[in-house]
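Here are the chains, one letter per residue:
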Amino acid sequence: QVQLVESGGGLVQPGGSLRLSCSASGYILSINAMGWYRQSLGKERELVAAITSGGSTTYGDSVKGRFTISRDNAKNTVYLQMNSLEPEDTAVYYCNANIRRIDTNTARDYWGQGTQVTVSS
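First, a word on scope: everything that follows refers to the structure included in this document.

Scoring rules and cut-offs
- Every chain is numbered on its own, with residues counted from 1 as its sequence reads.
- Two thresholds apply to this predicted model, a pLDDT of at least 70 for residue-level local features and 80 or more for giving and counting side-chain atom pairs, whereas whole-chain, interface and lining totals are computed over all residues.
- Only hydrogens and water are removed before side-chain values are computed, so all heavy atoms of the structure are retained for them.
- Numbering of helices and strands starts at the N terminus; helices are DSSP runs of H or I of at least 4 residues and strands are runs of E of at least 2.
- Put simply, the radius of gyration uses C-alpha atoms, and a globule should come to 2.2 Å times the residue count raised to 0.38.
- Note on classification: 1.4 Å probe, protein chains only; a residue is buried when its accessible area is under 20% of the maximum for its type, exposed when over 50%, partly exposed between these limits.
- In this description, a disulfide is simply a cysteine sulfur pair whose atoms lie within 2.5 Å.
- Think of a salt bridge as a Lys or Arg side-chain nitrogen and an Asp or Glu carboxyl oxygen that are within 4 Å of each other.
- The term nonpolar core refers to a set of buried residues drawn from Ala, Val, Leu, Ile, Met, Phe, Trp, Tyr and Cys, joined through side-chain atoms within 4.5 Å.
- By definition, residues are in contact when any of their heavy atoms lie within 4.5 Å.

When helices and strands are counted, the protein chain shows zero helices and eleven strands. The linear arrangement of helices and strands in the protein chain, starting from the amino end, is β-β-β-β-β-β-β-β-β-β-β. Relative to the 2.2 N^0.38 estimate, which gives 14 Å for 121 residues, the radius of gyration of the protein chain is 14 Å and therefore close to what a compact globule would have. On the principal axes, the C-alpha backbone points of the protein chain span a range of 50 × 25 × 25 Å. Here the protein chain, with 121 residues, has 38% of them falling under the buried criterion.

The next point concerns the state of the cysteines. Summed over all chains, the structure comprises one disulfide. In this model Cys 22 forms its disulfide with Cys 95; the gap between the sulfur atoms is 2.0 Å. Judged by the sign of its S-S torsion, about -85°, the bond between Cys 22 and Cys 95 is left-handed. Taken together, the positions of Cys 22 in strand E3 (residues 18-26) and Cys 95 in strand E9 (residues 91-101) put the pair 73 residues apart, joining distant regions of the chain.

Here the focus is the pattern of salt bridges. Inspection of the entire model under this criterion finds six salt bridges. In this structure, the salt-bridge partner of Arg 38 is Glu 46, at a minimum N-O distance of 2.7 Å. With relative accessibility at 4%, the residue Arg 38 sits in the buried group. Through salt bridges with shared partners, a single ionic network connects Arg 38, Glu 46, Arg 66, Glu 86 and Asp 89.

In terms of nonpolar packing, the biggest core is built from 29 residues, with Trp 36, Leu 80, Met 82, Tyr 93 and Ile 99 touching the most fellow members. Elements with a contribution of two residues or more to this core: strand E1 (2-7), E3, strand E4 (28-39), strand E5 (46-51), strand E7 (67-72), strand E8 (77-82), E9 and strand E11 (115-119). With five residues, the single largest contributor to this core is E9. Filtering out sequence-adjacent residues up to four positions away, Met 82 remains in contact with Gly 16, Ser 17, Leu 18, Leu 20, Arg 66, Phe 67, Tyr 93 and Val 117.

Written as structure tokens, this is what we have:
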């Protein structure tokens, strides 16, 4: 089995910061890309940020310059540093990872259960 567990969500005022973490565990042979997606009420899920195993990054247009994604390959963990948060950032944030399993030697995407981020005065 493979699991992704997120942490770090919560309430924050506009202009504040939060740091999200997501750790993968289980029968993992290797992890390729990892990333964060989010979904707000009444909106479709959208890409927030993604990072390859080599450290190349991609950001959604709405978070460029404010959010930073990073990873620790030794810990199978991806992070999302969120600065200058706005009410529009309020959403459930989901961790994603493309993982190759030890038993199957086949890679596919896995998802965390999500963590709520609320930006409000």
